Amino acid sequence: EGVNHRTPLHINFKYKASIRNKTCLRLLKRAILNSRKHGLRIIHFSLQHNHVHLIVESDTNKQLTKGMRSLTVTFAKGLNQGRVQ
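As the structure is a computational prediction, the values presented were derived from the model and not from experiment.

Conventions used here
- All residue numbers refer to positions counted from 1 along the written sequence of the respective chain.
- pLDDT decides what is reported in this predicted model: residues at 70 or higher carry local features, side-chain atom pairs at 80 or more are listed and counted, and totals for whole chains, interfaces and linings draw on all residues regardless.
- Only heavy atoms go into the side-chain values, all of them from the structure, while hydrogens and water stay out.
- Two rings from Phe, Tyr or Trp (for Trp, the six-membered ring) form a pair when their centres sit within 6.5 Å of each other. Planes less than 30 degrees apart are called stacked, planes more than 60 degrees apart edge-to-face, and all others tilted.
- The way it works is that DSSP assigns letters per residue, a run of H or I at least four long becomes a helix, a run of E at least two long becomes a strand, and they are numbered from the N terminus.
- Expected helix span is computed as 1.5 Å times (number of residues minus one).
- Think of it in three bands: residues with accessible area under 20% of the maximum for their type are buried, residues over 50% are exposed, and the middle band is partly exposed, with areas taken using a 1.4 Å probe on protein chains only.
- The rule for a salt bridge is simple: a side-chain nitrogen of Lys or Arg has to be within 4 Å of a carboxyl oxygen of Asp or Glu.

1. Here's the deal with the packing of aromatic side chains
- In total, this model carries 2 aromatic pairs according to the counting rule given.
- Ring pairing ties together the aromatic residues Phe13, Tyr15 and Phe75, which thus form one cluster.

2. Brief notes about helix α2 (residues 61–79)
- In this model α2 runs 27 Å from its N-terminal to its C-terminal C-alpha over 19 residues, within 8% of the 27 Å that 1.5 Å per residue would give.
- For α2, the complete set of buried residues consists of Leu64, Gly67, Met68, Ser70, Leu71, Thr72, Thr74, Phe75 and Leu79.

3. Concerning the environment of Lys77
- Considering the arrangement of structural elements, one finds Lys77 in helix α2.
- Its relative accessible area of 66% is what places Lys77 among the exposed residues.
- Sequence separation between Lys77 and Asn61 is 16 residues, and the spatial gap between their C-alpha atoms is 24 Å.

4. Quick notes on the pattern of salt bridges
- Scanning all chains against the criterion turns up 2 salt bridges.
- Here Arg41 and Glu57 are joined by a salt bridge, their closest N and O atoms 3.6 Å apart. Of the two residues, Arg41 is situated in strand β2 (residues 41–47) and Glu57 in strand β3 (residues 51–57); the sequence distance between them amounts to 16 residues.
- The partner of Arg41 in a salt bridge is Asp59, with the nearest N and O atoms 3.3 Å apart. Here Arg41, found in strand β2, pairs with Asp59, found in the loop between β3 and α2; they are 18 residues apart in sequence, far enough to count as distant.
- According to the relative accessible area criterion, Arg41 is partly exposed, its value standing at 30%.

Now the structure itself:
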């Protein structure tokens with residue numbers, strides 16, 4: 001079954017280092033803005049000590065894929081340590 005604009009998704013990604021600080025929060029917000037350029041809508045996010053929870057909406061699977069790729073790559077490159085799963 002495909003993704004549609006009326007079905008929010010819960011997504012989380014783990015990180016191999018502690019990410020709970022103001023620098024990481026600013027970086028996550030920048031990554032969210034970048035992902036919006038690809039059509040991904042972040043409804044809610046929660047930055048935990050080693051992972052991030054997201055509630056997202058997207059019109060298509062392609063937008064979801066591109067948006068999440070943009071978000072995780074921006075976040076991982078900005079932190080420049082550890083590994084995103």
